[in-house]
Amino acid sequence: HAGRLGLAIADKPDSQDICFVPNGNYADIVRKLRPEGVVPGEIMHMNGRVLGEHQGVIHFTVGQRRGLNIGGGDPLYVIKLDPENARVIVGPRDALLEDQVVLREVNWLGHGSLPEAGLEVQVKLRSLQPLVPATIRPLPDGVMVNLHESQAGVSPGQACVFYDGERVLGGGWIVKKDPGVLAAWDSAPE
């Protein structure tokens, strides 16, 4: 659209990085704002076995496989970050799979309100991920996303955006799972 409108920005390359961070070094910014994020700690398998050490949880993201520096064996992925205990929890790819996602601070752009019975949509959980089918339904303080196929790398703090074809219907912020909310979803009438 920028090219069609003759805007100078049309020729600017896309950016997937944080544009306001000098030299793209986000770790320096996080180090200033959240010093606990650079505390060295353990890299621990989800079974409780310590596999190595790290120089701060800010250097990792859920779903990451490269750069763990724990060597050999089956491929391991970051399953969870535990900044309070300075731990990076790793495990097999299957441990990353999620089929239900809870969102808060939802911005709904669709017509009317989200139907109580749910709505079939396509969702995007990561910026470079293809759209995946899901059913969304309102919660008292957010939205429940029921993915039709489990997805890896669903991470609290990331955005989830709903689409109807190419039209954006809305989105919200992924939050940690609350077992009570998931039980309510599972027992709700279809």
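Below you will find a few notes about this structure. (Residues numbered from 1 in each chain as written. Predicted model: local features only at pLDDT ≥ 70, side-chain atom pairs only at ≥ 80, totals over all residues. Heavy atoms only, no water.)

1. Focus on the overall build of the protein
Alright, step 1. Secondary structure summary: the protein contains two helices and ten strands in total.
Alright, step 2. Listing every helix and strand of the protein by position from the N terminus yields α-β-β-β-β-β-β-β-β-β-β-α.
Alright, step 3. Residues classed as buried in the protein amount to 35% of the 190 residues present.
Alright, step 4. Here the analysis covers contacts within the protein between residues at least 6 apart in sequence; of these, 50% occur between residues at least 24 apart. (Helix = DSSP H or I, 4+ residues; strand = E, 2+ residues; numbered from the N terminus. Buried < 20%, exposed > 50% of the residue type's maximum accessible area, 1.4 Å probe, protein only. Contact = heavy atoms within 4.5 Å.)

2. Side note on the sheet that holds strand β3 (residues 77-82)
Alright, step 1. Strand order in the open sheet formed by four strands is β2-β1-β4-β3, and the pairing between neighbours is mixed. If you trace the sheet from one side to the other, it starts and ends with β2 (50-54) and β3, each paired once. Taking the axes of each pair of neighbouring strands and ignoring which way they run, one obtains an average angle of 25° across the sheet.
Alright, step 2. Sheet analysis places strand β1 (residues 41-45) next to strand β4 (residues 87-91), joined by four bridges and oriented parallel. Following the sheet pairing, M44 is matched in β4 by I89. (Pairing = 2+ DSSP bridges. Axes fitted to C-alpha atoms, helices over the stretch in contact; angles between N-to-C directions.)

3. Brief notes about the pairing of strand β10 (residues 167-175)
Alright, step 1. Judged from the five bridges that link them, strand β5 (residues 98-108) and β10 form a sheet pairing that is antiparallel. Following the sheet pairing, W108 is matched in β10 by G170.
Alright, step 2. Sheet topology note: the strand β9 (residues 159-164)/β10 ladder contains six bridges and is antiparallel. When the bridges of β10 are listed, F162 appears paired with G170.
Alright, step 3. In textbook terms, the turn of a hairpin is the stretch between consecutive antiparallel strands, and for β9 and β10 this stretch comprises two residues, one of which, G165, has a positive phi near 65°.

4. Some details on the pattern of salt bridges
Alright, step 1. The tally for this structure, following the rule as stated, stands at two salt bridges.
Alright, step 2. When the shortest N-O distance is used, the salt bridge between R87 and E42 registers 3.1 Å. Of this pair, R87 sits in strand β4 while E42 sits in strand β1, and the two are 45 residues apart along the sequence.
Alright, step 3. When its relative accessible area of 27% is taken as the criterion, R87 is described as partly exposed. (Salt bridge = Lys/Arg side-chain N within 4 Å of Asp/Glu carboxyl O.)

5. Here's the deal with the environment of H45
Alright, step 1. Note that H45 resides in strand β1.
Alright, step 2. With 46 residues separating them in the primary sequence, H45 and G91 have C-alpha atoms 5.7 Å apart.
Alright, step 3. In this structure, H45 is in contact with L51, L76, I89, V90, G91 and P92, ignoring residues within four places of it in sequence.

6. Details of the packing of aromatic side chains
Alright, step 1. Evaluated as defined, the whole model comprises one aromatic pair.
Alright, step 2. Ring geometry for W108 versus F162: centroids 6.4 Å apart, planes at 45°, classification tilted. Of the two residues, W108 sits in strand β5 while F162 sits in strand β9, which places them 54 residues apart along the sequence. (Phe/Tyr/Trp six-rings, centres within 6.5 Å; stacked < 30°, edge-to-face > 60°.)

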